Amino acid sequence: MHNKIFVLGIDGMPYSLMKSGYIQSLLPNLTKLCKQYNLHRMNSVFPTISSVAWTSFVTGSNPGEHGIFGFVDRQHNPFNIKIPTSRSRRKPPIWNQLPQDKKKIVINVPLTYPPEIINGYMVSCFLCPDIHKSTYPSDYYKLLMNMDYIIDVDTWLARTDQKEFLRQLILAMDKRFQITFELLNEDWNYFHLHIMETDRLMHFFMEYLTERKGNTYTKLIESFFRKLDQWIEKLIQAIQNESAIIILSDHGFCQIKSEVQINLWLEQQGLLSLDSDRNLENYNENTICYSLVPGRIYINLEGREERGTVKQSEYNSVRDKIKTKLLKISDPDSGELIIDKVMYPEEIYHGDCVSNAPDIIAHPKNGYDLKASLDGNKIFNRSALTGMHTYDDAMIVGIGIDVSAVSSIEQIYQVIWEDMKHEII
């Protein structure tokens, strides 16, 4: 049991990739830790999205309890697409659950904008639109500005200048660790540092990691991972003697075979009806259902949705029909079925927020990235993205703390709580 726990989140780092010889050669220090303290595979959440997974981690609860189901959500009446923030979270995070006299430091964890009042320091995540609003205490942003801190890298660079995108990822990661070492000098009991840049890199360069595809980007990609490993080595040396340490990811990654535009598919099936401007916010009353990423489907239910026309008495039969159709979607090139499973919220969630959950959650087979664009007319297409999230390939390793019983990301909260319990009582 410890008075100090340090959590290092490496967003999207797959367990399977950490087992590959190539990545181990780029991350020798992390690999050594994983071998010495036993690397474990764990599950993410449904839907497999970083904001949902990290919220499940920090609250120790499922989406039906904490109320976060994606990076975007919908207000059903009046209908509106919105972006959930820390204010949308319906369960308190661990930094607010620990006693007030415990010092907390939280850097870059998804869904920490706006920053919360804590006994310590908080630096917001990529949702923050303005560095002046990025910190608690509110004036701490001045230090960030002085060191040219990067809230998030512009992902559009990955489409226009990939070399510069990779350079910016390295720079942003450096800034995260630099501010971490500044704050390590403060008094703290719970410290959570989140590295988002791994996720950003794998979304656009996954084939370089799985296929060892080499070209002009390879050196920069390898430099990124070597720099990450050097920072981890320095961090462990600084805190290992006085802290328990958890290093984890929130999901895995795999290469994309195709993106699948579920709203276009729903439209083709006669389940989604759009007006001429083809804006989801203006779907019309002939609509049976609509989708938000990834694979979240909402029934246009009478009495709940602003334009609802599906009667409550038809709700279950409509869901069953849509489920049957989803499970038959196949790749037009290979003939492969693309949906691994279709779930209803009452089957996988519990809690006061289940009523806000999607009515259907479609989970794809690896390689088929479920999207919700209404542009164009191709259900199966490709973009600049080459990597997608996977559910059952997250990783975790504990140093000075036993995480061997953890099988899913929401269970780690209790491990941390139990480890610090003697200090809390």
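Because the structure is predicted, anything quoted here is derived from the model rather than measured.

(A) The arrangement of the sheet that holds strand β1 (residues 5-10) in detail. Taken together, eight strands build an open sheet; the order of strands is β2-β19-β9-β1-β8-β5-β6-β7 and the sheet is mixed. Two strands in the sheet have a free side with no partner beyond their single neighbour: β2 (40-42) and β7 (135-136). Judged from the five bridges that link them, β1 and strand β9 (residues 244-248) form a sheet pairing that is parallel. Note on β9: the bridge partner recorded for leucine 8 is isoleucine 247. Across the sheet, helix α3 (residues 28-37) touches β1, β9 and β19 (394-399), and the angle it forms with β19 is around 75 degrees.

(B) Quick peek at the pattern of salt bridges. Counted under the stated rule, the structure contains 18 salt bridges. With a closest N to O distance of 2.7 Å, glutamate 197 and arginine 176 form a salt bridge. With glutamate 197 in helix α10 (residues 197-210) and arginine 176 in helix α9 (residues 162-183), this residue pair connects regions lying 21 residues apart in the sequence. Since its relative accessible area comes to 0%, arginine 176 is described here as buried. Aspartate 199 is the partner of arginine 200 in a salt bridge, and the nearest nitrogen-oxygen pair spans 3.7 Å. Across the pair, exposure class does not vary: arginine 200 and aspartate 199 are buried alike.

(C) Inspection of helix α13 (residues 315-326) at higher detail. Spanning twelve residues, α13 covers 17 Å between terminal C-alpha atoms, matching the ideal 16 Å at 1.5 Å per step. Tyr315, Val318, Arg319, Ile322 and Leu326 are the residues of α13 that are buried. In an axial view of α13, the angular spread of the buried residues amounts to 100 degrees, which keeps them on one side of the axis.

About the thresholds
- Residues numbered from 1 in each chain as written.
- Predicted model: local features only at pLDDT ≥ 70, side-chain atom pairs only at ≥ 80, totals over all residues.
- Heavy atoms only, no water.
- Pairing = 2+ DSSP bridges.
- Helix = DSSP H or I, 4+ residues; strand = E, 2+ residues; numbered from the N terminus.
- Contact = heavy atoms within 4.5 Å.
- Axes fitted to C-alpha atoms, helices over the stretch in contact; angles between N-to-C directions.
- Salt bridge = Lys/Arg side-chain N within 4 Å of Asp/Glu carboxyl O.
- Buried < 20%, exposed > 50% of the residue type's maximum accessible area, 1.4 Å probe, protein only.
- Expected span 1.5 Å × (residues − 1).
- Arc of directions from axis to C-beta.

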